[in-house]
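Spelled out, the chains give:
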2 protein chains.
Amino acid sequence: MREDGRVLAIRRADNGTWEPPGGVLELDEAIEDGVRREVYEETGIKVSVERLTGVYKNVSRGIVALVFRCRSESEVVRLSEESVEVAWLTPAEVSERMAEVYAVRVLDALRDDTGPSVRTHDGRHLL
Amino acid sequence: MREDGRVLAIRRADNGTWEPPGGVLELDEAIEDGVRREVYEETGIKVSVERLTGVYKNVSRGIVALVFRCRSESEVVRLSEESVEVAWLTPAEVSERMAEVYAVRVLDALRDDTGPSVRTHDGRHLL
């Protein structure tokens, strides 16, 4: 996220959906290093990692995603092989454009009143 | 943990080390369900899950562990095939008996002043 409350999102090259930037950790990589690397690779934005805001388990695929709120430290956005669009979205735009299981990760990350959310989903809907 | 501040620990059958109860999630299992199942299987104790207190990445093996603080809801401890001893330890006993990478999970979980810790280790020591 940046100062004005907009959040960074990509439209994926492989399936055309809007998502927060992210990806898979390297085996020997510290978690925050992986967060910074993935955001930079997909968007060109350098970020500082603020805090863990949620844990999301896909029970169809057995995958657990960790979501961190980050602050942007640079301005210039660029595309990559993985991202055909990169945009700073308002929370309302996040709700419109992202599938439920991705929008909730952003909306959880914007909350200040709670610890990290722990949620279960089936790849399409929260359970 | 229980009311008096002691924490539940097991001594593992396979390698003799003291650890907090835990294990591997089933593919289709919600995270908190897996926490309750593993604690019950290894110790006979029923728990309610309070909150996520830490995330620990082993960069030697590429494994991420999630740690939750739980409250005990039953009293009777029993052993299992996986646990040759089960005990309620004081924080000082945790520091004495557990390897650094396990003791830190318990000590992080006992803190009330912070959000979840995100730490990296090599299987033996924190990095």
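Residues numbered from 1 in each chain as written. Chains lettered and ligands numbered in written order. Predicted model: local features only at pLDDT ≥ 70, side-chain atom pairs only at ≥ 80, totals over all residues. Heavy atoms only, no water.

You'll find chain A entered in an unreviewed UniProt entry as NUDIX hydrolase, with Streptomyces rubellomurinus given as the organism. UniProt lists a comment for chain A under the heading Sequence similarities (unreviewed entry), and it reads "Belongs to the Nudix hydrolase family." (UniProt positions renumbered as here; feature names shortened; annotations may be inferred.)

A. How the structure looks around the pairing of strand β4 (residues 63-72) of chain A. Residues and elements named next belong to chain A. Pairing between strand β3 (residues 47-58) and β4: 10 bridges, direction antiparallel. Within β4, the residue paired with Ser 48 across the bridge is Arg 71. Remark: 4 residues form the turn of the hairpin made by β3 and β4, two consecutive strands paired antiparallel; Gly 62 in that turn has positive phi of roughly 70°. (Pairing = 2+ DSSP bridges. Helix = DSSP H or I, 4+ residues; strand = E, 2+ residues; numbered from the N terminus.)

B. A look at the confidence of the model for chain A. Averaged over chain A, the pLDDT score is 95; the fraction of residues at 70 or greater is 100%. Model confidence for the complex: the whole-complex pTM is 0.93, and ipTM, which rates the interface, is 0.90. (pLDDT = per-residue confidence, 0-100.)

C. Structural detail: the UniProt feature "domain: Nudix hydrolase" (unreviewed entry) in chain A. UniProt feature "domain: Nudix hydrolase" (unreviewed entry): in the numbering of this structure it lies at residues 1-112 of chain A. Between the C-alpha atoms that bound residues 1-112 of chain A there is a distance of 13 Å. The span itself is 28% helix and 33% strand.

D. Expanded view of the relation of the copies chain B and chain A. Overlaying chain B on chain A yields an RMSD of 0.0 Å, the required transformation being a rotation through 180° with an accompanying axial translation of 0.0 Å. Both chain copies can therefore be described as sitting about a two-fold axis. It is B:Gly115 whose C-alpha, among those of chain B, lies nearest the rotation axis, at 3.3 Å. Residue by residue, 100% of the interface of chain B is reproduced at the interface of chain A, so both copies engage with the same surface. (Least-squares fit on C-alpha atoms with pLDDT ≥ 70 in both. Contact = heavy atoms within 4.5 Å.)

E. Spotlight on the interface of chain B and chain A. Chain B puts 22 residues into the contact, and the matching count from chain A is 22 residues. Carbon and sulfur atoms make up 70% of the surface buried where chain B meets chain A, a total of about 1,600 Å² over both sides. Sorting the residues of chain B by area buried against chain A places B:Leu27, B:Lys57 and B:Val118 first, and these three jointly supply 32% of that buried surface. Between the two partners, chain B and chain A, sit 0 salt bridges. At the junction of chain B and chain A, the tally comes to 6 residue pairs in polar contact (both at pLDDT 80 or more). Going through the elements one at a time, α1 (31-43), β3 (47-58), β4 (63-72) and β6 (117-121) of chain B are the ones with two or more residues in the side of chain B that touches chain A. Residue contributions to the side of chain B that touches chain A peak at 4 residues, all from β3(B). Considering only residue class, the side of chain B that touches chain A consists of 12 nonpolar, 4 polar and 6 charged. (Buried area = accessible area lost by both parts, 1.4 Å probe. Salt bridge = Lys/Arg side-chain N within 4 Å of Asp/Glu carboxyl O. Polar contact = N/O pair within 3.5 Å; in protein donor to acceptor, adjacent residues only side chain to side chain. Nonpolar A, V, L, I, M, F, W, Y, C, P; charged D, E, K, R; others polar.)

F. Region of the structure containing the environment of B:Ala9. Residue and element names in this part refer to chain B. Note on placement: Ala 9 falls in strand β1 (residues 7-12). Take Ala 9: its relative accessible area is 0%, and that puts it in the buried class. Sequence spacing of Ala 9 and Gly 123 is 114 residues, and the spatial spacing of their C-alpha atoms is 19 Å. Apart from the residues within four sequence positions on either side, Ala 9 is in contact with Trp 18, Glu 19, Pro 21, Glu 85, Val 86, Ala 87, Leu 89 and Met 98. (Buried < 20%, exposed > 50% of the residue type's maximum accessible area, 1.4 Å probe, protein only.)

G. Focus on the side chain of A:Thr43. Residues and elements named next belong to chain A. Secondary-structure assignment places Thr 43 in helix α1 (residues 31-43). At a separation of 3.1 Å, a polar atom in the side chain of Thr 43 contacts the main-chain amide nitrogen of Ile 45. For Thr 43, the contacting residues outside a window of four places in its chain are Leu 8, Ile 10, Pro 21, Val 76, Val 77, Arg 78 and Val 86.

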